[in-house]
Amino acid sequence: MIITNAQFEITAVKPEQYPALGYPEVAFVGRSNVGKSSILNTLTNRRNLARVGAKPGMTKTINFFNIDEKLLFVDLPGYGYASVSKDKKSSWEGIVERYLFTRAELKLIIMLVDIRHVPTDNDKIMYQWILSRGMPYLIIASKADKISRGQIHKHIQIIRSELGIAPEVKVIPFSAEKRQGKEDVLNYIESILYILQ
Ligand SMILES: Nc1nc2c(ncn2[C@@H]2O[C@H](COP(=O)(O)OP(=O)(O)O)[C@@H](O)[C@H]2O)c(=O)[nH]1
Ligand SMILES: [Mg+2]
């Protein structure tokens, strides 16, 4: 899959604000700072499409990006630093849960975990949500340039065993810094969307 034109589409919190384009959606989830904005920029060849390093936890909105007028990439708010709100509907959990569990256009969930770290409790909760949603997903081990090549396999095995990832599920090492893993991720997205057509 080659992306030639990626544009910011809209920011939303509530379902009424989600775009009504009807395009299939690929959602990116993960801890704040794990590299979601960076992977979106890398995949779309845009240096600043999604804002990198914006104050962690401050963005409690869903950002939709229009990919060549045929699909949407969806940047979901990160967890880990999210402040706890009494009002569930406006909390991180409310916003993300509602999108993940009600959005018919959602076709693929891409979860990022930092290749350097053992998955957190929140990562495990997110992974269980994804499993319970019962739709195609992909796990990305981000910031692969931060460890030596020889360590990559070992770290991916730790991520696999901590999250309990089945052997047939793909875990792709990725580096936005080195643009490593980009083709693998784009090919995977294309294969899933093609199968679903
Ligand atoms: N070395 C390295 N740093 C990265 C990579 N991806 C993201 N970062 C850095 O990690 C920080 C958080 O990235 P960002 O994309 O904003 O994470 P988000 O909060 O998940 O959207 C920024 O300082 C990025 O420059 C990567 O592949 N390699
Ligand atoms: Mg971000």
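Quick caveat: nothing in here was measured; it's all calculated off a predicted structure.

Focus on the packing of helix H2 (residues 92-102) against helix H3 (residues 121-133)
So, point 1. The interhelical angle for the contact between H2 and H3, taken along N-to-C directions, is 25°, at an axis separation of 11 Å. When the axes of H2 and H3 are compared, the pair comes out roughly parallel. Classified by chirality, the crossing of H3 by H2 is right-handed. For the pair H2 and H3, the contacting residues are Trp-92, Glu-93, Val-96, Glu-97, Leu-100 and Phe-101 in the first and Met-126, Trp-129, Ser-132 and Arg-133 in the second.
So, point 2. Taken together, the residues of the contact of H2 with H3 sort by class into six nonpolar, one polar and three charged.

What to know about the pairing of strand S2 (residues 25-30)
So, point 1. Within S2, six of the six residues are buried, which leaves it mostly tucked inside the rest of the structure.
So, point 2. A two-sided burial pattern is seen for S2, the buried positions comprising Glu-25, Ala-27 and Val-29 on one face and Val-26, Phe-28 and Gly-30 on the other.
So, point 3. Judged from the four bridges that link them, S2 and strand S4 (residues 71-75) form a sheet pairing that is parallel. Bridge pairing links Ala-27 to Val-74 in S4.
So, point 4. Examined bridge by bridge, S2 and strand S5 (residues 106-114) share six bridges and lie parallel to one another. In the strand pairing of S5, Val-26 is matched with Leu-108.

Some points on the pairing of S5
Side-chain direction in a regular strand flips from residue to residue, so the side chains alternate between the two faces of the sheet.
So, point 1. With eight of its nine residues buried, S5 lies for the most part within the structure.
So, point 2. Inspection of the sheet shows S5 paired to strand S6 (residues 137-142) by six bridges, in the parallel sense. Following the sheet pairing, Ile-109 is matched in S6 by Tyr-137.
So, point 3. Remark: the S5/H3/S6 crossover connection has right-handed handedness.

Calculation notes
Residues numbered from 1 in each chain as written. Chains lettered and ligands numbered in written order. Predicted model: local features only at pLDDT ≥ 70, side-chain atom pairs only at ≥ 80, totals over all residues. Heavy atoms only, no water. Axes fitted to C-alpha atoms, helices over the stretch in contact; angles between N-to-C directions. Helix = DSSP H or I, 4+ residues; strand = E, 2+ residues; numbered from the N terminus. Parallel < 35°, antiparallel > 145°, perpendicular 65-115°, else oblique. Left-handed = near helix turned anticlockwise from the far one by under 90°. Contact = heavy atoms within 4.5 Å. Nonpolar A, V, L, I, M, F, W, Y, C, P; charged D, E, K, R; others polar. Buried < 20%, exposed > 50% of the residue type's maximum accessible area, 1.4 Å probe, protein only. Pairing = 2+ DSSP bridges. Right-handed = clockwise from strand over helix to strand, strands pointing away.

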